[in-house]
Amino acid sequence: MNVHPNEVSSGTVQDCALSLQGLRKAFGDVVAVDGVDLDVRRGECFGLLGPNGAGKTTTIEICEGLTVADAGDVHLLGLSWKDAATELRQRIGVQLQETQLPEKLTVEEILRLFRSFYRKGLAVDETVKMAQLEEKRKARIGTLSGGQKQRLAMACALVGDPDLLFLDEPTTGLDPQARRHLWDLVDQLRRAGRTIILTTHYMDEAEHLCDRVAIMDHGRIIALGTPKQLIASVGGDHVVEFAVATKGEVGPQDAKTLTAIPGVQGHRVDAGLHQLSVVELHTTVPRIFASLAEMGLQPVEFRTHSATLEDVFVGLTGRNLRDE
Amino acid sequence: MSSLTDSSLFQLTVTRFKLFLREPEALFWVFVFPILLAVGLGIAFRNRPADVLDVGATTTQLAQALGADKGLRTTVTDEVQGAHDLATGRILLLAIARDSGVVYKYDDTNPDARSARLLADRAIQKAAGQKDALTSSNDLIHETGARYIDFVVPGLLGMNLMGSAIWGLGFSIVEARQKKLLKRYVASPMPRWQYLMSFLLSRLLLLTIEVLFFLGFAKLVFGVPFRGSLLELGALCVLTSLSFSTLGLLIASRAKTMEAASGLMNLAMLPMWILSGVFFSATRFPALLQPLVRALPLTAAIDALRGNMLQGMNIAQMTAPVMVLIAWLLVCFGVSLKIFRWR
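Residues numbered from 1 in each chain as written. Chains lettered and ligands numbered in written order. Predicted model: local features only at pLDDT ≥ 70, side-chain atom pairs only at ≥ 80, totals over all residues.

Trainee: Could you clarify how one ought to interpret the overall build of chain B in this entry?
Mentor: Helix and strand content of chain B: 14 helices and four strands. The C-alpha atoms of chain B give 28 Å as radius of gyration, which overshoots the globular expectation for 343 residues (20 Å, by more than 25%). Taken along the three principal axes of its C-alpha coordinates, chain B extends 95 × 40 × 40 Å. Each of the 343 residues in chain B was classed as buried or not, and the buried ones make up 37%. Residue pairs at least 24 apart in sequence account for 74% of intrachain contacts in chain B once pairs closer than 6 positions are excluded. (Helix = DSSP H or I, 4+ residues; strand = E, 2+ residues; numbered from the N terminus. Rg over C-alpha atoms; globule rule 2.2 N^0.38 Å. Buried ≥ 20, exposed ≤ 12 C-beta atoms within 10 Å, placed from the backbone. Contact = placed C-beta atoms within 7 Å.)

Trainee: How should the overall build of chain A be read in this particular structure?
Mentor: When helices and strands are tallied, chain A shows 11 helices and 13 strands. Dimensions of chain A along its principal axes, counting C-alpha atoms only, are 75 × 45 × 40 Å. In chain A, buried positions account for 45% of the 324 residues.

Trainee: Would you mind showing me how to read the sheet that holds strand β5 (residues 92–95) of chain A here?
Mentor: Residue and element names in this part refer to chain A. Judged by pairing direction, the sheet is mixed, and its six strands sit side by side in the order β5-β6-β7-β3-β8-β9 without closing on themselves. Looking at which strands have only one partner, the edges of the open sheet turn out to be β5 and β9 (220–225). Within the sheet, the average angular offset between the axes of one strand and its neighbour, ignoring direction, is 15°. Summarising the sheet, strand β3 (residues 45–49) and strand β8 (residues 212–217) pair through four bridges and their orientation is parallel. Each residue of the ladder has a partner; that of Phe-46, found in β8, is Arg-212. (Pairing = 2+ DSSP bridges. Axes fitted to C-alpha atoms, helices over the stretch in contact; angles between N-to-C directions.)

Trainee: Is there a simple way to explain the domain arrangement of chain A in this structure?
Mentor: Buried accessible area, meaning the area lost when the parts come together, often serves as the stated size of an interface. Entries for chain A in the domain assignment read domain 1 (16–231) and domain 2 (235–306). Placing a centre on the C-alpha atoms of domain 1 of chain A and another on those of domain 2 of chain A gives a separation of 40 Å. (Domains from an automatic or database assignment.)

Trainee: Teacher, can you tell me more about the pairing of strand β7 (residues 195–200) of chain A here?
Mentor: Consecutive side chains of a regular strand alternate in pointing toward one face of the sheet and then the other. Residue and element names in this part refer to chain A. Counting buried positions along β7 yields six of six residues, so the element is predominantly enclosed. By the alternation rule, side chains of β7 split into Thr-195, Ile-197 and Thr-199 and Ile-196, Leu-198 and Thr-200, which are all buried. With five bridges joining them, β3 and β7 adopt parallel strand pairing. Residue pairing for β7: Phe-46 is matched across the bridge by Ile-197. Since strand β6 (residues 164–168) and β7 lie parallel, the crossover through helix α6 (residues 176–191) that links them has a hand, and here it is right-handed. (Right-handed = clockwise from strand over helix to strand, strands pointing away.)

Trainee: Would you take a moment to explain the domain arrangement of chain B for this structure?
Mentor: Domains assigned within chain B are domain 1 (8–45 + 147–339) and domain 2 (53–127). Each of domain 1 of chain B and domain 2 of chain B has a C-alpha centre, and the two are 52 Å apart.

Trainee: Teacher, can you tell me more about unusual backbone geometry here?
Mentor: Across the chain, the bulk of peptide bonds are trans and the bulk of non-glycine residues have phi less than zero. Residue and element names in this part refer to chain A. You will see that Leu-77, though not glycine, has its phi angle at about 50°, which is positive. Locating Leu-77 in the fold gives a position in the loop between β4 (71–76) and α2 (81–91). Backbone geometry at His-218 places phi at a positive 50°, although glycine is not the residue there. Positionally, His-218 belongs in the loop between β8 and β9.

Trainee: Before we go on, may I ask you to explain the interface of chain A and chain B in this structure?
Mentor: Contacts between the two partners involve 21 residues from chain A and, on the opposite side, 19 residues from chain B. Of all the secondary structure elements, the ones that give two or more residues to the side of chain A that touches chain B are α2 and α3 (107–115) of chain A. The dominant element in the side of chain A that touches chain B, judged by the number of residues it contributes, is α3(A), at four residues. Across the side of chain A that touches chain B, the residue classes break down as 10 nonpolar, five polar and six charged. (Nonpolar A, V, L, I, M, F, W, Y, C, P; charged D, E, K, R; others polar.)

Trainee: I tried to follow the environment of A:Glu134 on my own but got confused; where do I start?
Mentor: All names here are of chain A. Positionally, Glu-134 belongs in the loop between α4 (124–130) and α5 (146–158). Along the chain, Glu-134 and Val-107 lie 27 residues apart, while their C-alpha atoms are 9.4 Å from each other. Glu-134 has contacts with Val-128 and Lys-129, leaving out every residue within four places of it along the chain.

Trainee: What should I look at first to understand the environment of A:Val186 in this one?
Mentor: Looking at where A:Val186 falls in the secondary structure, it is placed in helix α6. Every residue in contact with A:Val186, bar those within four places of it in the chain, is listed here: A:Ile196 and A:Leu209.

Trainee: What should I look at first to understand the confidence of the model for chain B in this one?
Mentor: Low-pLDDT portions of the prediction should not be read for the details of their coordinates. In the predicted model, chain B carries a mean pLDDT of 89, and the fraction of residues at 70 or more is 96%. Scoring of the predicted complex yields 0.78 for pTM and 0.83 for ipTM. (pLDDT = per-residue confidence, 0-100.)

Trainee: What is the right way to read the sheet that holds strand β13 (residues 299–306) of chain A from this model?
Mentor: Adjacent strands of a sheet pair through backbone hydrogen bonds, lying either parallel or antiparallel. All names here are of chain A. Strands sit in the order β11-β12-β10-β13 across an open sheet of four strands; the sheet is antiparallel. Every other strand in the sheet has two partners, leaving β11 (264–270) and β13 as the edge strands with one partner each. Along the sheet, successive strands turn relative to each other by an average axial angle of 20°, direction set aside. Pairing analysis gives five bridges linking strand β10 (residues 238–244) to strand β12 (residues 273–278), with the strands arranged antiparallel. Looking across to β12, one finds that Val-240 is bridged to Leu-276.

Trainee: Mind showing me how you'd approach the packing of helix α4 (residues 60–67) of chain B against helix α6 (residues 111–127) of chain B here?
Mentor: If you want to describe how two helices pack, look at the angle between their axes and the distance between the axes. Residues and elements named next belong to chain B. In the contact formed by α4 and α6, the axes pass within 8 Å of each other and the chain directions differ by 105°. As summarised for this structure, α4 and α6 are arranged roughly perpendicular, according to the angle between their axes. Between α4 and α6, the residues in contact are Leu-62, Ala-65 and Leu-66 and Ala-120, Ala-123, Ile-124 and Ala-127, respectively. In terms of residue class, the contact of α4 with α6 is built from seven nonpolar, no polar and no charged. (Parallel < 35°, antiparallel > 145°, perpendicular 65-115°, else oblique.)

Trainee: How should the packing of helix α3 (residues 24–44) of chain B against helix α7 (residues 148–178) of chain B be read in this particular structure?
Mentor: Residues and elements named next belong to chain B. Remark: α3 packs on α7, axes separated minimally by 10 Å, with the N-to-C direction vectors making an angle of 160°. Relative to α7, the element α3 is oriented roughly antiparallel. Between α3 and α7 lies a crossing of right-handed hand. Residues Trp-29, Val-30, Pro-34, Leu-37, Ala-38, Leu-41 and Gly-42 of α3 pack against Ile-149, Val-152, Val-153, Leu-156, Asn-160, Gly-163 and Ser-164 of α7. Of the residues contributing to the contact of α3 with α7, the split by class is 10 nonpolar, four polar and no charged. (Left-handed = near helix turned anticlockwise from the far one by under 90°.)

Trainee: Mind showing me how you'd approach α7(B) here?
Mentor: Each turn of an α-helix holds 3.6 residues, which means side chains three or four residues apart point in the same direction. All names here are of chain B. In a regular helix each residue adds 1.5 Å, so 31 residues correspond to 45 Å; α7 covers 43 Å between its end C-alpha atoms and thus fits that length. Taking burial as the measure, the 31 residues of α7 include 24 buried ones, the bulk of the element. Directly beyond the C-terminal end of α7, a positive phi value near 65° is found at Lys-180. (Expected span 1.5 Å × (residues − 1).)

Trainee: Would you take a moment to explain the environment of B:Phe279 for this structure?
Mentor: All names here are of chain B. Tracing the backbone through its elements, the reader meets Phe-279 in the loop between α11 (258–275) and α12 (290–295). Residue class for Phe-279 comes out partly exposed when judged on the 16 C-beta atoms lying within 10 Å of it. Considering only alpha carbons, one finds Phe-279 and Arg-192, 87 residues apart in sequence, at a separation of 39 Å. Every residue in contact with Phe-279, bar those within four places of it in the chain, is listed here: Val-152 and Gly-155.

In structure tokens, the structure reads:
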């Protein structure tokens, strides 16, 4: 972890854990990945964030050597799939989105099986402990909860002691508590200096776990940076949301008035809900009230929140992540 | 742990074996079902003492003459009632006294009725004073090896080897594909050939148990003969199982759902259940069908097993069925490797 996440470097292919150039992939008429360039540094936890169908899984599966790209270069750890597939499979760990491990095997058995695939790796005991499945090591996989199964899948990815770990939607379908539990696990791995590339459509997950995030939409990367940088790009740390009472309609002129309020960085309306990007809440909110009163508008449902990656996505695409 | 138990091929094989043993339904079909079938057929087709044949006679005199033969059970009846009994199958033959002698009324397309005709005529002729021109006596045998159960046990063995190989491989592979487990394996450094090899190895392991169990039962309970070399019998079982395993592999190489795989498996196995002579000799099918019947792997397998067990032939005398099995093995394996879909 000697590379600072904020440092923008253009390292060579050799320095990068992962390097993608001009990646393209189409399935029939559907272009899943449409020209992706990306560098992931060693020791970094990198997130691919985007709605379903944005091309995250296709991108990550190309990186994992499961899908062949139509065009573009892929280098992992300085190696390419064309020249060093066997070597690469030894050095990466993979968790796929929908793998169902055999229900009638025990936790220990499946880990021992996966361990046998790798020349070197972690002891089965160690991975069981890492995934916090000590109590379940003799239990059949069919009896595990969703969160435990997901941690086991992660343990299977870790058992070869990978230099590069791919996690595809690791928390999709888990309840909030199980998600938190998995986050802790990823956090530990990240602090231990592992290079992790994960995809997610939860912005809070990307924000919480990732050193850097690439936001994908329609097969392209539309924003790239640390969560902080991306949020700052919205133009304010806070978002003020309100609707107005049915009588008063906000015209274009009024929208201009709102944007003109000192401290307001941007304005958009979504289904009658106004959103203002705001730098400083305590000075700006009174001005917004005053301004609304001047226009004769009655605000309802007035609330504020800290800007998130969701706001970044909304700002860039005009759509909500969860709409998809 | 030694390096053997650490090796991926060992682990894959052990895993496959464990998964099979943890599937109670599979255990039933592989071990219990063939034995139930053998018991059922053994009971249904057990060799009974020669049947006593029911006949009718129109006079007491005739009935007395007929009664001298232990193979006949005679009732006295009139012609009208006798005709009715014949029509309903209560008697096989009606002996009618006429002035000119005796008339036998019977259906000459029924083998039992023809036997009754021979016995009845002999008894009546004897009673009338006929003498044997030549002294004759009987030496009765009930030979094992010629019974139906002896015929059907190699058939059931072949059928069982086919079923367990095709179901075992086909279902496991398609399930793994459907659950994206194959894809997960491909993303790991596991050598792909080892995955397929682990199926064959665990199959061989199971085969040993399965064959010993079934044939041991057949030997103990029915006294089924083993006239050929046991070593060669083992080799034939291995060859049969491997041929069907590769057929299972071929069936599973593309199917994406269990339903599709299930349909394909039945499509492959149904003609063989019918045509390959499990329950009756495959030579009964018309000559036109014979080339097809002979080319089926199950026909070849059963022919070879029967040749070994019942006729005591060695493999050199059975090159045709053995070559058919080897050809299926090579072709199915070659094609599967080409078209196998890992995801």
